[in-house]
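# Overview (structure and organization)
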Amino acid sequence: MAENTDWTRKTAAELADALAAGETTSVEITQAHLDRIAAVDGAVHAFLHVDAEGALAQAAESDARRAAGTLLSGLDGVPIAVKDVLATDGLPTTCGSKILEGWIPPYDATVVRRLKEAGLPILGKTNMDEFAMGSSTEHSAYGATHNPWDLDRIPGGSGGGSAAAVAAFEAPLALGTDTGGSIRQPGAVTGTVGHKPTYGGVSRYGLVALANSLDQVGPVTRTVLDSALLHEIIGGHDPKDSTSIDQPLPALVEAARQGATGDLTGLKVGVITELSGDGWQPGVMARFQESVDLLVKAGAEVVEVSCPTFVHALATYYLILPAEASSNLAKFDAMRYGLRVWPHEGASAEEVMRASRDAGFGDEVKRRIILGTYALSSGYYDAYYGQAQKVRTLISRDFEAAFEKVDVLVSPTAPTTAFKLGEKLDDPIAMYLNDLATIPANLAGVPGISVPSGLADEDGLPAGFQVLAPALADDRCYRVAAALESALHAQWGGPLVPKEIA
Ligand code: GLN
């Protein structure tokens with residue numbers, strides 16, 4: 001057994017290899033991550049709930065399976081953290097909201113069940129913007145998560161907890177969800193990898209819906225290969241989700257391994273014209289351009305592609321998302337579960353609902369409920385929601401036209417590096433602008449991955465590179481991202497990691 005190995009520094013693939021070689025046990029690896037959480041999560045606050053006992057019990061079962069030769073998957077025994085928007089049987093699921101404080105689901109989301117069926121111990125639930133609304137995790141009712149690269153800065157959102165946990169070596173893997181960028185933008189600003197699968201590629205059963213037509217569950221990791229490994233475990237058809245695609249996943253791990261050889265000969269890459277210019281941080285653009293040059297070196301042909309309707313993506317999203325969210329959140333009425341506030345004795349059901357929703361929802365959630373209710377109200381439906389759906393179709397057509405010319409589209413993942421905590425909290429529009437580059441993929445249902453592209457010169461903070469592919473071609477995202485990652489790691493002498501957390 002390797003002495004003094006810090007198992008928290010290993011990738012999931014490396015941990016799986018070490019387990020297979022008998023160098024360690026799942027209990028040892030899981031304990032190392034729990035110790036790490038105990039040491040740094042006071043400063044990072046990536047977790048809302050840590051299940052040490054449950055994780056260690058699952059790890060012990062994995063070790064017993066290994067001894068008996070009955071392993072469940074290639075990642076059996078490798079621990080994982082789960083965003084608190086996914087239902088976990090017996091573990092709290094709050095969605096970062098007071099309204100669900102203390103709720104313990106009686107069932108697992110399909111993706112969580114698949115983790116268990118593959119033998120991955122679950123470390124706990126990660127912090128998030130309330131009901132996944134936000135780009136900084138500051139809208140959590142339980143306090144913000146801090147970026148491990150600079151504790152005074154945001155870790156992105158809404159899945160800042162999952163990204164920060166992985167960046168701070170508290171977990172080798174995490175699950176996130178991405179409705180408008182909540183896997184990819186946190187990935188970009190924490191120097192981690194995040195993939196939003198093709199819509200329908202991963203089950204949404206047991207995911208507390210923000211916007212059903214946009215939400216997808218996906219992997220949050222430190223390497224492209226780890227994302228592909230995790231995606232193959234959670235992905236694939238689920239009869240419990242009516243939007244789940246009934247066909248096999250492409251060979252994602254194989255695509256990542258092939259990409260890592262660094263050969264992209266014959267691949268056509270389109271740089272999206274509209275996703276650059278004013279408001280894009282120079283250091284982010286510089287790292288983006290260098291990454292594009294590396295793709296050329298790897299043999300890819302790069303052209304510029306215009307997607308003119310992308311400039312309307314943000315406005316479209318902020319009609320469709322609040323409309324769907326306002327109707328989804330109507331179920332939190334204090335009658336069936338969650339917070340119940342009695343404004344006075346003998347209060348009517350309606351008064352209890354009003355008082356409970358007033359106390360249970362934060363400002364951003366209320367803002368979007370108002371927006372959504374307005375956009376859906378009779379007389380305005382066609383002007384707002386109906387119109388937004390038409391523009392959404394045009395955005396999909398821009399993707400289709402682009403993918404006739406190129407195999408993948410690329411852009412920086414987010415316009416800036418991590419901003420300071422508090423900086424944009426009072427300015428919703430400034431907050432929304434973070435998702436400029438990620439939202440088009442959700443509107444069109446296509447897959448996208450964010451991979452670290454280096455540190456911006458201005459502030460030494462991570463920037464992200466986004467690769468978008470046609471629906472069902474998630475393998476292309478993995479192939480291109482893996483090629484870029486291997487070229488960059490060769491330059492850097494390995495992955496870039498934050499300084500030790502004091
Ligand atoms: N930041 C975006 C929003 O606030 C995206 C959220 C998400 O992907 N869950 O809606």
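Residues numbered from 1 in each chain as written. Predicted model: local features only at pLDDT ≥ 70, side-chain atom pairs only at ≥ 80, totals over all residues. Heavy atoms only, no water.

### Some remarks on the state of the cysteines
For the structure on display, the rule yields 0 disulfides. Cys307 takes part in no disulfide bond, and the closest cysteine sulfur to it belongs to Cys477, at a distance of 15 Å. The buried category is assigned to Cys307, whose relative accessible area is 0%. (Disulfide = S-S within 2.5 Å. Buried < 20%, exposed > 50% of the residue type's maximum accessible area, 1.4 Å probe, protein only.)

### Observations regarding the nonpolar core
Across soluble globular proteins, nonpolar side chains show a tendency to be buried alongside one another. Leu86, Leu115 and Phe131 are the most contacted members of the largest nonpolar core, which has 118 residues in total. Once you skip the residues sitting within four places of it in the chain, Leu86 turns out to touch Thr93, Ala109, Val111, Val112, Lys125, Leu175, Thr177, Gly206, Leu207 and Val217. If you look at the next biggest cluster of nonpolar residues, it comprises 18 residues, including Ile37, Val44, Ala46 and Ile501. (Core = buried A, V, L, I, M, F, W, Y, C linked by side-chain atoms within 4.5 Å. Contact = heavy atoms within 4.5 Å.)

### Some points on the packing of aromatic side chains
Scanning all chains against the criterion turns up 14 aromatic pairs. Plain terms: the ring middles of Phe399 and Phe403 are 5.9 Å apart, the flat faces sit at 15 degrees to each other, and that makes the pair stacked. Of this pair, Phe399 and Phe403 both sit in helix H13 (residues 382–405), 4 residues apart, which is roughly one turn of that helix. No difference in accessibility class separates Phe399 from Phe403, as the two residues are buried. Members of the aromatic cluster, each reached through a chain of ring pairs, are Trp103, Phe131, Phe332, Tyr337 and Phe361. (Phe/Tyr/Trp six-rings, centres within 6.5 Å; stacked < 30°, edge-to-face > 60°. Helix = DSSP H or I, 4+ residues; strand = E, 2+ residues; numbered from the N terminus.)

### Quick word on the side chain of Asp51
Within the secondary structure, Asp51 is located in the loop between strand E1 (47–50) and helix H3 (52–68). Salt bridges are absent for the buried Asp51, whose nearest opposite-charge side chain, Lys116, sits at 7.9 Å. If we ignore the near neighbours within four places in the chain, the residues touching Asp51 are Leu91, Ile122, Leu123 and Gly124. (Lys, Arg positive; Asp, Glu negative; His and termini not counted. Salt bridge = Lys/Arg side-chain N within 4 Å of Asp/Glu carboxyl O.)

### Some words on the site of the ligand
Lining the immediate surroundings of the ligand are 15 residues, of which Thr179, Gly180, Ser182, Tyr317 and Asp435 lie closest. Contact between the ligand and Ser182: an oxygen atom at 2.6 Å from a side-chain N or O atom of the residue. In the environment of the ligand, an oxygen atom lies 3.3 Å from a nitrogen or oxygen atom belonging to the side chain of Tyr318. Tallied by class, residues from the shell around the ligand come to 5 nonpolar, 7 polar and 3 charged. (Near = heavy atom within 4 Å. Polar contact = N/O pair within 3.5 Å; in protein donor to acceptor, adjacent residues only side chain to side chain. Nonpolar A, V, L, I, M, F, W, Y, C, P; charged D, E, K, R; others polar.)

### What to know about H13
With 24 residues, H13 ought to run about 34 Å at 1.5 Å a step, and its terminal C-alpha atoms sit 34 Å apart, in line with that. Of the positions making up H13, those classed as buried are Tyr385, Gly386, Ala388, Val391, Arg392, Ile395, Ser396, Asp398, Phe399, Ala402 and Phe403. Lining the buried residues of H13 we find strand E8 (301–305), helix H10 (313–328), helix H12 (363–376), strand E9 (408–412), helix H15 (439–444) and strand E11 (462–468). (Expected span 1.5 Å × (residues − 1).)

### Thoughts on the pairing of strand E6 (residues 216–221)
Counted residue by residue, E6 has 6 buried out of 6 residues, so it is predominantly covered. Sheet topology note: the strand E4 (residues 173–178)/E6 ladder contains 6 bridges and is antiparallel. Looking at E6, one finds that Asp178 is bridged to Gln216. Pairing analysis gives 2 bridges linking strand E5 (residues 193–196) to E6, with the strands arranged antiparallel. In the sheet register, Val193 faces E6, and the bridge partner there is Thr221. (Pairing = 2+ DSSP bridges.)

### What to know about the packing of helix H2 (residues 26–44) against H3
Each pair of packed helices can be described by the angle between their axes along with the distance between the axes. Axis separation between H2 and H3 bottoms out at 8 Å; the angle between their running directions is 160 degrees. With respect to each other, H2 and H3 are oriented roughly antiparallel. Of the two elements, H2 crosses H3, and the hand of that crossing is right-handed. Residue-level contacts link Ser26, Val27, Thr30, Gln31 and Leu34 of H2 to Ala52, Ala55, Leu56, Ala59, Ala60, Ser62 and Asp63 of H3. Grouping the amino acids of the contact of H2 with H3 by side-chain chemistry returns 7 nonpolar, 4 polar and 1 charged. (Axes fitted to C-alpha atoms, helices over the stretch in contact; angles between N-to-C directions. Parallel < 35°, antiparallel > 145°, perpendicular 65-115°, else oblique. Left-handed = near helix turned anticlockwise from the far one by under 90°.)

Keep in mind these values describe shape, not function.
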